[in-house]
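# Fold and geometry: a report
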Amino acid sequence: VVGLTFLIDALAVTNLQRIQVIGDAEKLNVVRQHLYHELLFPVEPNFEFRPLPHSAGSLELQLETVRDPQTVPARLTWFPLEHPGGSLGYCLEVADKKLAYITDTTARAEADYLRHLSNSDLLLHECYFDDQNQEFSEKTGHSWLSAVTEVVRRVKPRQTALIHINPLAELLGNGFSLTENHRSNHKMLVAEDGMRIEF
Ligand SMILES: [Zn+2]
């Protein structure tokens, strides 16, 4: 959420003409009231806020690409995830490619969101904790590695990049690393800042 403020800079240094911020209506209200409050943020961003009307659904979008001013049609699907305070998962389909974005949730093999992930070319899935922190994962509404691996094993995305990893893990000595089985059999990798993934 904090990164939303940096989107103003993205408008300055790319060919993007406009930015739509799409999300849960209550969450967008809180973002506007607090993150962009005039006491913290001097100018109201000229983003288009697009609150989603229900907890699940889909809509058609016209996406601008960063490299050229063309727009491409896309379909956005959203659905609720298990998390204190609620969160949404998203799938974005452009041409014959499907990107799935799952963050701020506890991965479970029987979770309802798995049915939205079939045929994903790239799954971005949160993996905040290692397997030693299952209890804390559940308490904070996050995922641990073996639970995410089980989700990947079931839905078989063509690639999976792990995101939203505990930034303190290295300092606290409870980080995880992927095995050859994760990388080769499940096509999983740990996302890094600045990484570009072709899919
Ligand atoms: Zn989180």
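Right, let's walk through the structure included here. The model shown is predicted, which means the values in this text are computed figures rather than measured ones.

### Quick look at the coordination of the zinc ion
Summarising the metal site, the zinc ion is bound by the protein donors Asp104 (OD), His142 (NE2) and His164 (NE2), whose distances to it range over 2.0 to 2.2 Å. Written as a sequence motif, the donor residues of the zinc ion are D-x37-H-x21-H. Taken together, the positions of Asp104 in the loop between β6 (97–102) and β7 (122–126) and His142 in the loop between α3 (134–140) and α4 (145–155) put the pair 38 residues apart, joining distant regions of the chain. The exposure class assigned to Asp104 is partly exposed, which follows from its relative accessible area of 22%. For His142, a relative accessible area of 10% puts it in the buried group.

### Thoughts on the pairing of strand β2 (residues 48–52)
With five bridges connecting them, strand β1 (residues 20–24) and β2 associate as parallel partners. Its bridge partner lying in β2, Asp24 is registered against Leu52. Taken together, β1, helix α2 (residues 25–35) and β2 form a β-α-β motif whose crossover is right-handed.

### Some points on unusual backbone geometry
Here Asp104, not a glycine, exhibits a phi torsion of approximately 55 degrees, which is positive. Unlike most non-glycine residues, Lys187 shows phi in positive territory, near 55 degrees. By the secondary structure assignment, Lys187 is in the loop between α6 (180–185) and β9 (188–190). By relative accessible area, Lys187 is classed as partly exposed at 43%.

### Quick notes on the packing of aromatic side chains
The final tally for this structure, using the stated rule, is six aromatic pairs. Ring geometry for Phe47 versus Phe49: centroids 6.4 Å apart, planes at 50 degrees, classification tilted. We classify Phe49 as buried; its relative accessible area is 15%. Of the aromatic side chains, those joined through ring pairs into one cluster are Tyr36, Phe41, Phe47 and Phe49.

### Details of α4
Regarding α4, the residues found buried are Leu145, Ala147, Val148, Thr149, Val151, Val152 and Val155. On the buried face of α4, the contacting elements are β7, β8 (160–163), α6 and β9. Just past α4, the residue Lys156 takes up positive phi, approximately 50 degrees.

### Topic: the nonpolar core
In terms of nonpolar packing, the biggest core is built from 23 residues, with Phe79, Ile102, Tyr113, Leu117, Val151 and Leu162 touching the most fellow members. Of all the secondary-structure elements, those providing two or more residues to this core are β4 (71–81), β6 and α4. Looking at which element gives the most residues to this core, the answer is α4, with six residues. Counting nine residues, the second largest nonpolar core, distinct from the first, contains Leu4, Leu28, Val31 and Phe47.

Cut-offs used in this document
- Residues numbered from 1 in each chain as written.
- Predicted model: local features only at pLDDT ≥ 70, side-chain atom pairs only at ≥ 80, totals over all residues.
- Heavy atoms only, no water.
- Donors = N, O, S within 2.8 Å, 3.2 Å for Na, K, Ca; no water.
- Helix = DSSP H or I, 4+ residues; strand = E, 2+ residues; numbered from the N terminus.
- Buried < 20%, exposed > 50% of the residue type's maximum accessible area, 1.4 Å probe, protein only.
- Pairing = 2+ DSSP bridges.
- Right-handed = clockwise from strand over helix to strand, strands pointing away.
- Phe/Tyr/Trp six-rings, centres within 6.5 Å; stacked < 30°, edge-to-face > 60°.
- Contact = heavy atoms within 4.5 Å.
- Core = buried A, V, L, I, M, F, W, Y, C linked by side-chain atoms within 4.5 Å.

Fair warning: the whole summary comes from geometry, so function is off the table for now.
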